[in-house]
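Listed below, chain by chain, are the residues.
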Amino acid sequence: MKNTYRLIGFVILGIAASAVTGAVCEARRRNAKKRLLDTANEGYETAHDIIYPGKGHHRAKKLRYGPVYPGM
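Residues numbered from 1 in each chain as written. Predicted model: local features only at pLDDT ≥ 70, side-chain atom pairs only at ≥ 80, totals over all residues. Heavy atoms only, no water.

J.: Describe the overall build of the protein chain, listing the residues and the values that go with them.
T.: Counting its regular elements, the protein chain contains two helices and zero strands. Relative to its full complement of 72 residues, the protein chain shows a buried share of 6%. (Helix = DSSP H or I, 4+ residues; strand = E, 2+ residues; numbered from the N terminus. Buried < 20%, exposed > 50% of the residue type's maximum accessible area, 1.4 Å probe, protein only.)

J.: Give a description of a nonpolar patch on the surface that names residues and reports values.
T.: Where nonpolar side chains cluster on the molecular surface, the patch consists of Met-1, Tyr-5, Ile-8 and Ile-12 and spans about 500 Å² of accessible area. Mapped onto the fold, Tyr-5 is located in helix H1 (residues 2-42). Classification of Tyr-5 by relative accessible area gives exposed; the value is 57%. (Patch = residues over 30% accessible without salt bridge, like charges linked within 9 Å, V, L, I, M, F, W, Y side chains within 5 Å. Areas by Shrake-Rupley, 256 points an atom, 1.4 Å probe, with all protein chains shown as cover. Salt bridge = Lys/Arg side-chain N within 4 Å of Asp/Glu carboxyl O.)

J.: Before we move on, can you summarise the pattern of salt bridges with the specific residues and values?
T.: If you walk through the whole model with that rule in mind, you get two salt bridges. Across the pair Glu-26 and Arg-29 runs a salt bridge, and its minimum N-O distance is 2.7 Å. Here the residue Glu-26 and the residue Arg-29 both occupy positions in helix H1, the gap between them amounting to three residues, near one helical turn. For Glu-26, a relative accessible area of 29% corresponds to the partly exposed category. On the basis of relative accessibility, which here comes to 43%, the residue Arg-29 falls in the partly exposed class. Between Glu-26 and Arg-30 there is a salt bridge, and its shortest N-O distance comes to 3.3 Å.

Here it is as structure tokens:
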């Protein structure tokens with residue numbers, strides 16, 4: 001009986017942990033989807049830099065408007 005209760009406890013703990021993980025992943029996915037949708041609606045190459053100035057991994061030294069050519 002003791003082992004059965006222990007097994008049930010671990011199963012419930014696993015279900016709770018997976019539910020919390022799923023909720024966190026869903027929240028991150030919704031935020032990323034909203035950011036990408038806002039960027040797509042803006043319609044510029046630099047829209048992500050303009051809408052979310054501090055959210056990039058690589059921040060450019062100077063924000064460029066218009067087309068960006070490689071090597072410039």
